[in-house]
Amino acid sequence: MLPAIEWKKNRVVMIDQRKLPLKEIYLEYRRYDQVARAIETMVIRGAPAIGVAAAYGVALGVLAVRSGKDIDRAFEKITRRLERTRPTARNLFWALERMRRTFDASRGLKLADLKRRMLDEARAIETEDVATNEAIGRHGRDLIPDGATVLTHCNAGELATAGYGTAVGVIRAAHEQGKKIRVFSDETRPFLQGARLTCWELDRRGIPVVLITDNMAGWFMRKGEIQVVVVGADRIARNGDTANKIGTYSVAVLAKEHGIPFYVAAPMSTVDAGLATGDEIPIEERDPREVREAGGRCITLPHIAVRNPAFDVTPAKHIAGIITEKGVFRPPYDFRRVQ
Ligand code: MRU
């Protein structure tokens, strides 16, 4: 089963998430610029998984350097390319900063030793992410009542991380406790991470899942069919404002209207304590074709203007709790001191 990303014989192997659930195709990369392209084109996506990919991208780039005198210039070129891939997920920049600290601490080592250190650090980022997600699951599972239907949006599962998942990890942990849980998965237009990835993961794990279109959530809340919402995060400002997949904000407002708790599950590496509020979070705008087309076919007139922000920001006031590996934070949030 899975994982979304793996280091194998000096190559990075990823499952092509664009092709799921219809095809399970694994792609291998030997060069850092190929990894950067894989992040941009959504072969791999999800904030923590993007961080792991970026770290392995740096490792690949450094491994290819032939002489110690070129290493500084090469490192800058590699990290600059990887930084430019996707702007919103904090974990990408967090992972690159961590790789830079290792690089700086390895100056003066023989080139072969420096390369080994960089690869070890990337591996550590991957391994720690799984442990972090399991801890998120342990902290979050008690928030899911037995017999509940849980709504989730996008994919914050195994595929979006190095393993286990964040929001889906909370659901999994509750399921592993023996609770009878059902999941409503928003399809998550336009990229369909919910329909294609979350449903696939939950089905493989034997967790009952029902697919709904994004515009059905409010109606099911009104009918009393949803008891709790858990979503992932791409970046959390220090006041708790949270960027996540476009559509999350609407779900949070609907949950508030219906008195349903809305939780965010994310590792501390998603918190950007440098940002006072969510207004400062950069929001990626993606190719209009993702909206204009469905299944490769145009669904509107080709000249119609399209907007395609990939994320939105949910104000902290709508978030009942932020579930992290350090425990569940409750409002008012202040992440200044916790990192
Ligand atoms: O555009 P994506 O698919 O990278 O967006 C992913 C999300 O918004 C996830 O909910 C988020 O990254 C959390 S993944 C654990």
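Residues numbered from 1 in each chain as written. Predicted model: local features only at pLDDT ≥ 70, side-chain atom pairs only at ≥ 80, totals over all residues. Heavy atoms only, no water.

Draft legend 1. Fine view of empty space enclosed by the protein. Throughout the structure, instances matching the rule amount to 2 cavities of 30 Å³ or more. Taken together, 24 residues make up the lining of the largest cavity; nearest its centre are Arg 45, Gly 46, Ala 47, Asn 155 and Asp 234. Elements with a minimum of two residues in the lining of the largest cavity: helix H2 (47-63) and strand S9 (242-245). The biggest single contributor to the lining of the largest cavity is H2, with 3 residues. In terms of residue class, the lining of the largest cavity is made up of 12 nonpolar, 8 polar and 4 charged. Among the domains, domain 1 (5-134) and domain 2 (139-329) are the pair contributing at least three residues each to the lining of the largest cavity. In this structure, the second largest cavity spans a volume of roughly 50 Å³. In this structure, the second largest cavity is lined by Met 42, Pro 190, Phe 191, Gln 193, Lys 245, Ile 246, Arg 286, Glu 290, Asn 308 and Ala 310. Across the lining of the second largest cavity, the residue classes tally to 5 nonpolar, 2 polar and 3 charged. (1 Å grid on protein atoms, 1.4 Å probe; cavity = no way out; pocket = protein on both sides within 12 Å on 5 of 7 lines; lining within 4 Å. Points joined across faces, edges and corners; volume = space filled by probe spheres on them. Helix = DSSP H or I, 4+ residues; strand = E, 2+ residues; numbered from the N terminus. Nonpolar A, V, L, I, M, F, W, Y, C, P; charged D, E, K, R; others polar. Domains from an automatic or database assignment.)

Draft legend 2. Here's a closer look at the pairing of strand S7 (residues 228-231). Taking every second residue as pointing to the same face, both faces of S7 are buried, with Val 228 and Val 230 on one and Val 229 and Val 231 on the other. Of the pairings in the sheet, the one linking strand S4 (residues 149-152) to S7 comprises 2 bridges and is parallel in character. By the bridge assignment for S7, Val 150 is matched with Val 228. The pairing of S7 with strand S10 (residues 262-265) spans 3 bridges and is parallel. (Buried < 20%, exposed > 50% of the residue type's maximum accessible area, 1.4 Å probe, protein only. Pairing = 2+ DSSP bridges.)

Draft legend 3. Quick peek at the pattern of salt bridges. Tallied over the full model, the rule gives 27 salt bridges. Salt-bridge contacts for Glu 40 lead to Arg 37; the nearest nitrogen and oxygen are separated by 2.7 Å. Here Glu 40 pairs with Arg 37, and both are found in helix H1 (residues 32-40), just 3 residues apart, close to one helical turn. Residue classification places Glu 40 among the buried positions, given a relative accessible area of 17%. By relative accessible area, Arg 37 is classed as partly exposed at 48%. The salt bridge partner of Arg 172 is Glu 158, with a shortest N-O separation of 3.4 Å. Placement of Arg 172 in helix H6 (residues 167-176) and of Glu 158 in the loop between S4 and H6 is noted, with a sequence separation of 14 residues between them. Judged by its relative accessible area of 9%, Arg 172 falls in the buried class. A residue is classified by how much of its surface remains accessible, and Glu 158, at 6% relative accessible area, is buried. (Salt bridge = Lys/Arg side-chain N within 4 Å of Asp/Glu carboxyl O.)

Draft legend 4. Expanded view of the domain arrangement of the chain. Domain parsing of the chain yields domain 1 (5-134) and domain 2 (139-329). Here the C-alpha centroids of domain 1 and domain 2 sit 25 Å apart. In this assembly, 29 residues from domain 1 lie in contact with 33 residues from domain 2. Both sides together, the interface formed by domain 1 and domain 2 hides about 2,600 Å², and carbon and sulfur atoms give 56% of it. Its largest share of buried area at the contact with domain 2, domain 1 owes to Arg 45, Thr 88 and Arg 90, together 24% of the area lost on that side. Where domain 1 meets domain 2, there are 2 salt bridges. Seen at the junction of domain 1 and domain 2, the total is 17 residue pairs in polar contact (both at pLDDT 80 or more). Elements that contribute at least two residues to the side of domain 1 that touches domain 2 include exactly H2, helix H4 (90-105) and helix H5 (111-140). Per-element accounting of the side of domain 1 that touches domain 2 gives the leading share, 6 residues, to H5. Broken down by class, the residue content of the side of domain 1 that touches domain 2 amounts to 13 nonpolar, 6 polar and 10 charged. (Contact = heavy atoms within 4.5 Å. Buried area = accessible area lost by both parts, 1.4 Å probe. Polar contact = N/O pair within 3.5 Å; in protein donor to acceptor, adjacent residues only side chain to side chain.)

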